[in-house]
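Each chain, written out:
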Amino acid sequence: MQDTDRDLLPEGLGDRLPQQAAASQRVRRAALDVMAGHGYERVETPMLEFEKSLASRMAGVQVRRMFRFVDPASLRMLALRSDITAQVARMAATGLAGAPRPLRLCYSGQVVTIKGAGLDPVRERLQLGAELIGTDTVAAAAELVELAIEALTAAGATGISVDFTLPDLVDTLAVQALPLTEAQTESVRQMLDAKDAGGLVDAGGQAYLPLLYAVGPFDTAIERLAEFDAGGVLASRIAGLREIAARVNGKARLTLDPSERHGFEYQSWFGFTIYAEGISGALGRGGTYRILGSAGDEQGEAAAGFSLYPDPLIDALTAEMPERKVLFLPVGHDREVAARQRAIGWTTVAALSESDDAIALGCSHRLENGEAIPL
Ligand SMILES: N[C@@H](Cc1c[nH]c[nH+]1)C(=O)O
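This one's a predicted model, so the numbers in the text were calculated from it and none came from an experiment. (Residues numbered from 1 in each chain as written. Predicted model: local features only at pLDDT ≥ 70, side-chain atom pairs only at ≥ 80, totals over all residues. Heavy atoms only, no water.)

A. Just the packing of helix 4 (residues 138–155) against helix 9 (residues 235–248), in detail. One can describe the packing of helix 4 onto helix 9 by two numbers: an axis separation of 9 Å at closest approach and a directional angle of 35°. Crossing angle aside, the handedness with which helix 4 passes helix 9 is right-handed. Between helix 4 and helix 9, the residues in contact are Val138, Ala139, Ala141, Ala142, Glu143, Val145, Glu146 and Ile149 and Gly240, Glu243, Ile244, Arg247 and Val248, respectively. A class-by-class count of the residues in the contact of helix 4 with helix 9 yields 8 nonpolar, 1 polar and 4 charged. (Axes fitted to C-alpha atoms, helices over the stretch in contact; angles between N-to-C directions. Helix = DSSP H or I, 4+ residues; strand = E, 2+ residues; numbered from the N terminus. Left-handed = near helix turned anticlockwise from the far one by under 90°. Contact = heavy atoms within 4.5 Å. Nonpolar A, V, L, I, M, F, W, Y, C, P; charged D, E, K, R; others polar.)

Have a look at this one:
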């Protein structure tokens, strides 16, 4: 490596300077306080673990984008965490297997992937979220959607909108109502994802075309979906979505995109993506899923949860951070007075020499004769 590379960071990785770090701290604290307030207990998970345990806890988890390498100690394959949900699921299935259900857990930490999502070059992100383990009912899903909205609002997001989806929609329909072969199922899913009507017909998914139009503001899109569901296979899902929507009503703008699957690797009957005004891209995602237990336990345990990826919100809020109130303590100041000022909430910066410049050091006040004098 050339010496000029010494100060570079690899693509998609970056530092947070003090102002950004402060905004990040505020966002994390606000969101986690909301989750804790609703009974979600905080857990912490390791940065890396055996690849297998990250990849096999839920059906559909992709290892392609995980950083993986052989552990020089155990000679087993390790992976850096790319989704804390899988780790919380492991915990629920092992160490907390005996804890009463429903089990409410929350978490926050950095996650990494080899490649960013889509065109996004970012490879490390802050993930924070909540998981409700032991149930995937409408009541559970509604609690989580409401919680996600409340957490994001507390974190400083405004104009929140939520997009509902039915991640296992095609699989559900393909069984009987609108039969597809396994190969067709995959291409129909892809064409629906791409919203490609021509491709959908070519893939043998003509009967699925109306799904492309059951998209948009929730109230009209759900009506279209209900009309499309002539056989009634989706009836319980549609009723569920309506119930969740009623709970959310007024707290966020609601849309429906029933065949949307971007980013939904393992979610089952219900999924949602959450956005905020002025922030491009999704801020989070969640839904219902199943945690697979030991080998042979095909059913696993029902769960629901969501993850927020608030980095873009943190960037937006960094610019709006309130002016810091910082008290400059000149050389020879009364240390007890200074301690009392900190006790009532001041941040202090003590001069180390006569040449320290209060204003250049970002101070707003100066301690003079026991009083904070504005600068
Ligand atoms: N961890 C998922 C979201 C989720 C949490 N719980 C259920 N789903 C994601 O980041 O996409």
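B. Expanded view of the sheet that holds strand 16 (residues 371–374). In spatial order, the strands read 14-13-15-16; together these 4 strands make up an open sheet with mixed pairing. Because the sheet does not close on itself, it has two edges, and the strands there are strand 14 (347–350) and strand 16. Direction aside, neighbouring strands of the sheet carry axes that sit 35° apart on average. Bridge analysis of strand 13 (residues 326–329) against strand 15 (residues 365–368) gives 2 bridges, and the strand direction is parallel. In the sheet register, leucine 327 faces strand 15, and the bridge partner there is histidine 365. Lying over the sheet, helix 11 (residues 335–343) contacts strand 13, strand 14 and strand 15, oriented at roughly 175° with respect to strand 13. (Pairing = 2+ DSSP bridges.)

C. Focus on helix 9. A rise of 1.5 Å per residue sets the reference length of helix 9, with its 14 residues, at 20 Å; its end C-alpha atoms lie 20 Å apart and thus fit the reference within 8%. The complete set of buried residues in helix 9 reads Arg237, Ile238, Gly240, Leu241, Ile244, Ala245 and Val248. Looking down the long axis of helix 9, one finds its buried residues gathered within 160° of arc, a one-sided arrangement. Helix 9 presents Ser236, Glu243 and Ala246 as exposed residues on the side facing more than 90 degrees away from its buried surface. (Expected span 1.5 Å × (residues − 1). Buried < 20%, exposed > 50% of the residue type's maximum accessible area, 1.4 Å probe, protein only. Arc of directions from axis to C-beta.)

D. Summary view of the pairing of strand 7 (residues 161–165). With 5 of its 5 residues buried, strand 7 lies for the most part within the structure. In strand 7, alternate side chains face the same way, and those of Ser161, Asp163 and Thr165 on one face and Val162 and Phe164 on the other are all buried. Across 4 bridges, the pairing between strand 7 and strand 9 (residues 253–256) is parallel. Pairing of aspartate 163 across the sheet is with threonine 255, part of strand 9. The pairing of strand 7 with strand 10 (residues 271–275) spans 5 bridges and is classified as antiparallel. Residue pairing in the sheet places threonine 165 in a bridge with glycine 271 of strand 10.

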